[in-house]
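# Structural overview for review
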Amino acid sequence: MLIRHPTDIPPSEITPHSVYLNRRQFMLGSAGLLLPVASMAALPASKSRYSTTDKPNSRQDITSYNNYYEFGTSKDEPALYAGRLKTRPWTVAVGGEAGKPRSFSIEELLKFPQEERIYRLRCVEGWSMVIPWVGFPLASLLKQVDPTSRAKYVAFETALRPGEMPGVARRVLDWPYREGLRMDEAMHPLTILAVGLYGEALPGQNGAPVRLVVPWKYGFKSIKSISRITLLEKQPPTSWNMAAPSEYGFYSNVNPAVDHPRWSQASERRIGEFLKRKTLPFNGYADQVAGLYRGMDLVKNF
Ligand SMILES: Nc1nc2c(c(=O)[nH]1)N[C@H]1C(S)=C(S)[C@@H](COP(=O)(O)O)O[C@H]1N2
Ligand SMILES: [Mo]
């Protein structure tokens, strides 16, 4: 008998497991699921061959233990305050070294074919989670603006809304939050823009309405609530590197062999687990991405 491989099944035939689960939870109407109506709408998404088989963290874990300093530096503050960010209307301006610079409305971003991508996320602080994102390759977006031959890097900026972001009153970082990738990293098929998780629109604390996810890099690369993307010839400044250059490099590849100056990166605690796990090179994505760094000294380029 021929077994149909998941990638042979057209996306239209698939109800993601997460969507099914959420529909079930919705029908059960359990406490703590009194979500705003807009976020209850299921986002259609096909399964991705890039998903890990690691067990996803619960929606509760993923939405209650966050880093989003614009809304406060403690783990519970983003869940309390990120709902203040007005995510409609929303546009992402894409320009710089581009033949066809343009803005994308969030409605246009939602029209890209969406995939469910279950990825590990490793925070530089020493914890990790497994998150079922809904998103699409960043490459699909960048191709639409026609990068010029001078485009060697991509810079990202989070929206800066002091009136809606209580955390930016404190200068913990030089706002707006900024991140960057090399062009080949940005175009890599594992690099996505996420618009949802667990089959629904992205909660505010996870970076609504659109955030970057680069699963082989420390979590701080995965910039939230993006308002601007700029193609550049030169390597752009990035927030954590500006704040503490000896602790956070531009590359930020997950690397158990390169310790943070103040702690080891050799192991991590998966949220919800008791025993620590060994941290894997490139967060377990080495087969797909190690080639991007062939010939580079990854101790120097940390
Ligand atoms: N704009 C912005 N993006 C951000 C951060 C932030 O403080 N501000 N924190 C980063 C860090 S340190 C991590 S670990 C991830 C956490 O993403 P999650 O809360 O969705 O798991 O978001 C990253 N993106
Ligand atoms: Mo992080």
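Since this is a predicted model, take the numbers as computed values, not measurements.

## Looking at the packing of aromatic side chains
This model, assessed by the stated rule, comprises 12 aromatic pairs. Ring centres of Tyr153 and Phe250 lie 5.9 Å apart, and the angle between their planes is 80°; this geometry places the pair in the edge-to-face category. With Tyr153 in strand β6 (residues 153–158) and Phe250 in the loop between α8 (239–243) and β12 (267–270), this residue pair connects regions lying 97 residues apart in the sequence. Each member of the pair, Tyr153 together with Phe250, is buried. Geometrically, the ring pair formed by Phe250 and Tyr251 is edge-to-face, given 5.4 Å between the ring centres and 90° between the ring planes. For Phe250, a relative accessible area of 7% gives the class buried. Joined through ring pairs, the aromatic side chains of Tyr153, Phe250, Tyr251, Phe282 and Tyr293 make up one cluster. Stacked on the ring of Tyr65, the Lys or Arg Lys75 has its end atom at 5.6 Å from the ring centre. Here Arg102 stacks its cationic end above the ring of Phe104, 3.8 Å away from the centre of that ring.

## Focus: the pattern of salt bridges
In the structure shown here, the tally under the stated rule is 21 salt bridges. Put simply, Asp54 and Arg120 hold a salt bridge, and the shortest N to O gap is 3.4 Å. Note that Asp54 is positioned in the loop between β1 (46–47) and α3 (59–64) and Arg120 in strand β4 (residues 115–122), a separation of 66 residues in sequence. Arg120 gets classed as buried once you look at its relative accessible area, which sits at 12%.

## A word on the sheet that holds strand β2 (residues 91–96)
Hydrogen bonds along the backbone pair up the strands of a sheet, which may run parallel or antiparallel. Ordered in space as β3-β2-β11-β6-β7, the five strands form an open sheet in which the pairing is mixed. Each edge of the open sheet carries a strand with a single partner, namely β3 (102–105) and β7 (178–182). Each strand of the sheet is rotated relative to its neighbour by a mean of 20°, with strand direction disregarded. In this sheet, β7 lies alongside β6 in antiparallel orientation, the contact comprising five bridges. When the bridges of β7 are listed, Phe156 appears paired with Glu179.

## Considerations on the layout of surface pockets
Of the pockets and cavities examined, the second largest pocket occupies roughly 460 Å³. In terms of residues, the lining of the second largest pocket owes the most to one element, strand β5 (residues 127–137), which gives four residues. Residue classes in the lining of the second largest pocket are distributed as 17 nonpolar, six polar and four charged.

## A word on the side chain of Gln205
Checked against the element boundaries, Gln205 lands in the loop between β9 (200–201) and β10 (211–213). Other than its neighbours up to four places away in sequence, Gln205 contacts Thr63, Asn66, Tyr68, Pro78, Ala79, Ala82 and Lys224.

## Considering the nonpolar core
Ranked by size, the top nonpolar core spans 75 residues in total, and within it Trp133, Leu138, Leu141 and Ile229 carry the most contacts. Of all the elements, β5 adds the most residues to this core, at six residues. Once residues lying within four places of it in the same chain are set aside, the contact partners of Leu141 are Val94, Phe104, Leu109, Phe112, Phe136, Leu193 and Ile229.

## Quick notes on the site of ligand 1
In the region of ligand 1, 17 residues are neighbours, and Asn66, Tyr69, Glu70, Ser222 and Lys224 sit closest. Between Glu70 and ligand 1, the recorded distance is 2.8 Å, taken from a side-chain N or O atom to a nitrogen atom. When ligand 1 is considered free in solution it has 540 Å² of accessible area, and contact with the protein chains removes 98% of it. A molecule is said to occupy a pocket when more than half its atoms come within 2 Å of that pocket's grid points, and by this definition ligand 1 occupies the second largest pocket. Across the shell around ligand 1, the residue classes break down as eight nonpolar, six polar and three charged.

Quick notes on the rules
- Residues numbered from 1 in each chain as written.
- Chains lettered and ligands numbered in written order.
- Predicted model: local features only at pLDDT ≥ 70, side-chain atom pairs only at ≥ 80, totals over all residues.
- Heavy atoms only, no water.
- Phe/Tyr/Trp six-rings, centres within 6.5 Å; stacked < 30°, edge-to-face > 60°.
- Helix = DSSP H or I, 4+ residues; strand = E, 2+ residues; numbered from the N terminus.
- Buried < 20%, exposed > 50% of the residue type's maximum accessible area, 1.4 Å probe, protein only.
- Lys NZ or Arg CZ within 6 Å of the ring centre and 35° of its normal.
- Salt bridge = Lys/Arg side-chain N within 4 Å of Asp/Glu carboxyl O.
- Pairing = 2+ DSSP bridges.
- Axes fitted to C-alpha atoms, helices over the stretch in contact; angles between N-to-C directions.
- 1 Å grid on protein atoms, 1.4 Å probe; cavity = no way out; pocket = protein on both sides within 12 Å on 5 of 7 lines; lining within 4 Å.
- Points joined across faces, edges and corners; volume = space filled by probe spheres on them.
- Nonpolar A, V, L, I, M, F, W, Y, C, P; charged D, E, K, R; others polar.
- Contact = heavy atoms within 4.5 Å.
- Core = buried A, V, L, I, M, F, W, Y, C linked by side-chain atoms within 4.5 Å.
- Near = heavy atom within 4 Å.
- Polar contact = N/O pair within 3.5 Å; in protein donor to acceptor, adjacent residues only side chain to side chain.
- Areas by Shrake-Rupley, 256 points an atom, 1.4 Å probe, with all protein chains shown as cover.
- Sits in = over half its atoms within 2 Å of the grid points.

It is worth stressing that arrangement in space is one thing and function is another; only the former is reported here.
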